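Spelled out, the chains give:
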Amino acid sequence: RRLVPILVDLRDIVFDEETRTLDPSEPLIRAAQRQVSAVTARVLGSMIYPALEKGQALVLLDGYDDLAPDARPAYFHWLRQLVAMYGHNLMVIAGPISGHEPLVTLGFAPTFLRAWRPDDYDQLARRWAAVWGGRKRRDEEPDEQVMRRITADNHARSMLDVTLKIWAGLADDTQEMGRTGWYGAYISRRLSDPML
């Protein structure tokens, strides 16, 4: 509870001549600042720097597994510097199933997550349905047909696909069938509601 969480996708980290000579926390903090409002961005550094210095940060790095293999060396070099300077913090990085040996040399321990089972996807859909705000009454269950549609054919899909499928199914706002419809509905929602 005392750790300050810092979640950054590695693809949001920008390396240029200026950042290569800076403290390795600087690209991390700049990436985090780009995710928040301008007001929050101004104070974010004053929260993150002390947490990193004191070893009170939980650094969550996503996207290493999504990087092209030829793009990983630049991030590896930065990670090596980050670990050397701030390795006393808790760091977690999403890495590939294979090809994670460079991360092991930095001190990361590979942990493999079990793939979701059909029951896990069903439970996710039920939980979404339980908190869905589009119902007239709080105790009202979604239509049986909707539940069948959002729980079917989820195995081996990405969590983003499954989430957008469930959201689109409960909102009933797709213009097309399938994955194209789920993503299209999400984009339409984002463009029509500036608060999202």
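Reading guide: rules and limits
Residues numbered from 1 in each chain as written. Predicted model: local features only at pLDDT ≥ 70, side-chain atom pairs only at ≥ 80, totals over all residues. Heavy atoms only, no water. Helix = DSSP H or I, 4+ residues; strand = E, 2+ residues; numbered from the N terminus. Contact = heavy atoms within 4.5 Å. Lys, Arg positive; Asp, Glu negative; His and termini not counted. Charge placed at Lys NZ, Arg CZ, Asp CG, Glu CD. Buried < 20%, exposed > 50% of the residue type's maximum accessible area, 1.4 Å probe, protein only. Axes fitted to C-alpha atoms, helices over the stretch in contact; angles between N-to-C directions. Parallel < 35°, antiparallel > 145°, perpendicular 65-115°, else oblique. Nonpolar A, V, L, I, M, F, W, Y, C, P; charged D, E, K, R; others polar. Core = buried A, V, L, I, M, F, W, Y, C linked by side-chain atoms within 4.5 Å. Salt bridge = Lys/Arg side-chain N within 4 Å of Asp/Glu carboxyl O.

A. Region of the structure containing the overall build of the chain. Scanning the chain from N- to C-terminus turns up 9 helices and 3 strands. If you list the helices and strands of the chain from N to C, you get β-α-α-α-β-α-β-α-α-α-α-α. For the chain, the proportion of contacts with a sequence separation of at least 24, taken over those separated by at least 6, is 58%. One finds the centroid of the 25 positive side-chain charges in the chain at a distance of 5 Å from the centroid of its 27 negative side-chain charges.

B. Spotlight on the environment of I48. Within the fold, I48 resides in helix α3 (residues 38-54). According to the relative accessible area criterion, I48 is buried, its value standing at 4%. The spacing of I48 and P110 is 62 residues in sequence and 26 Å in space, taken between C-alpha atoms. When neighbours within four sequence positions are excluded, I48 is seen to be in contact with I6, I29 and A32.

C. Local environment of the packing of helix α8 (residues 159-171) against helix α9 (residues 178-192). Here α8 crosses α9 at 75°, and the two axes come no closer than 9 Å. Of the possible angle classes, the one that applies to α8 and α9 is roughly perpendicular. Note on element contacts: α9 touches α8 through R179, W182, Y183, A185, Y186 and R189, opposite L160, D161, L164, K165, W167, A168 and A171. Residue composition of the contact of α8 with α9, by class: 9 nonpolar, no polar and 4 charged.

D. Here's a closer look at the side chain of D161. Residue position: D161 is located in helix α8. The exposure class assigned to D161 is buried, which follows from its relative accessible area of 7%. What D161 contacts, discounting residues up to four positions off in sequence, is R179, W182 and Y183.

E. Inspection of the nonpolar core at higher detail. Of all hydrophobic cores here, the largest spans 29 residues; its most connected members are L10, L61 and Y64. Secondary-structure elements contributing two or more residues to this core are β1 (4-9), α2 (25-33), α3, β2 (57-62), α4 (72-86) and β3 (90-93). Ranked by residue count, the leading element in this core is α4, at 7 residues. One finds A129, V146, V162 and I166 within the second-largest nonpolar core, a separate group that totals 10 residues.

F. Main features of the pattern of salt bridges. Applying the stated rule across the entire model yields 8 salt bridges. The salt bridge involving D66 is made with R11; its shortest N-O contact spans 3.6 Å. Note that D66 is positioned in the loop between β2 and α4 and R11 in the loop between β1 and α1 (17-20), a separation of 55 residues in sequence. The exposure class assigned to R11 is partly exposed, which follows from its relative accessible area of 47%. As a salt-bridge pair, D173 and R189 come within 2.7 Å of each other at their nearest N and O atoms. Of this pair, D173 sits in the loop between α8 and α9 while R189 is found in helix α9, placing the two residues 16 residues apart along the sequence. On the basis of relative accessible area, D173 is assigned to the partly exposed category, the value being 25%.

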